[in-house]
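Summary of the model geometry
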Amino acid sequence: KHLFGLEAATVLAGFNLRAEAGYIMTEDFAGDDPLVHNHRIEYIGGFDKNIPLSNLNFQFQTVGSSILHSDNIKAPQPPTEPLDNEYSEDGDYTRTTLTVRLSDSWADETVHPEIRASYNVEKQDYMIVPELEFVLKDNASISLAGYIFEGDASGEFGQYDDNDMLEIACSYR
């Protein structure tokens, strides 16, 4: 397996822009070996921007991949053929996840509210995570976060639809 990639970052009109793209090359050049992953393109791109209100920061990011030679990925024909390690029943060989984050800090940076959300475009499922962290001392903090999962059970986030949870975490460094 070999990975070739490029990355770039710049600031434009107060937006911190960044992007990466990669090509993953495997031994299966024809894309028809069910035991070897196919070639794929992977990417990530996004920006963040400080908002002149309190200490607000907004981030947006998209992460994705596309399997090449997906037309050669076949359903297994038991018992003679092994299961193709990339076979998808719905024939979807792309993944696109959009993520946003809005964060702030108050009280001399001892209170950190944040909300994150991720959305899987192909499966139309999502996760929302509100979080509140309190810095007790320079090396200790406590945080409270909620995880809300919604969507179809075959999705990246929807598979956890019945597992919404509340998390309390303590950190000491």
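Scope of this entry: the structure provided in the associated data block. (Residues numbered from 1 in each chain as written. Predicted model: local features only at pLDDT ≥ 70, side-chain atom pairs only at ≥ 80, totals over all residues. Heavy atoms only, no water.)

Attention now moves to the environment of Phe60. By the element assignment, Phe60 lies in strand β4 (residues 57-67). Residue classification places Phe60 among the partly exposed residues on the basis of a relative accessible area of 26%. Taking the C-alpha atoms as reference, Phe60 lies 31 Å from Thr26; in sequence the two are 34 residues apart. Excluding residues that lie within four positions of it along the chain, Phe60 makes contacts with Gly45, Gly46, Phe47, Leu98, Thr99 and Val100. (Helix = DSSP H or I, 4+ residues; strand = E, 2+ residues; numbered from the N terminus. Buried < 20%, exposed > 50% of the residue type's maximum accessible area, 1.4 Å probe, protein only. Contact = heavy atoms within 4.5 Å.)

You can see Asn57 is positioned in strand β4. Note on Asn57: relative accessible area 9%, which makes it buried. Polar contacts involving the side chain of Asn57 include one to the side chain of Asp48, which spans 3.3 Å. Within polar-contact distance, the side chain of Asn57 engages the side chain of Asn50 at 2.7 Å. Beyond its immediate chain neighbours, meaning those up to four positions away, Asn57 contacts Asp48, Lys49, Asn50, Arg101, Leu102 and Ser103. (Polar contact = N/O pair within 3.5 Å; in protein donor to acceptor, adjacent residues only side chain to side chain.)

Attention shifts here to the pattern of salt bridges. According to the stated counting rule, one finds 4 salt bridges in the structure shown. Between Asp48 and Arg18 there is a salt bridge, and its shortest N-O distance comes to 3.1 Å. Separated by 30 residues along the polypeptide, Asp48 in strand β3 (residues 40-50) and Arg18 in strand β2 (residues 15-25) bring together distant segments of the chain. Owing to a relative accessible area of 31%, Arg18 belongs among the partly exposed residues under this scheme. For Arg101, the salt bridge goes to Glu114, with nearest N and O atoms at 3.3 Å. Pair noted here: Arg101 is in strand β5 (residues 94-103) and Glu114 is in strand β6 (residues 111-120), with a separation of 13 residues, a long-range link. Accessibility expressed as a relative area gives 18% for Glu114, which makes it buried. (Salt bridge = Lys/Arg side-chain N within 4 Å of Asp/Glu carboxyl O.)

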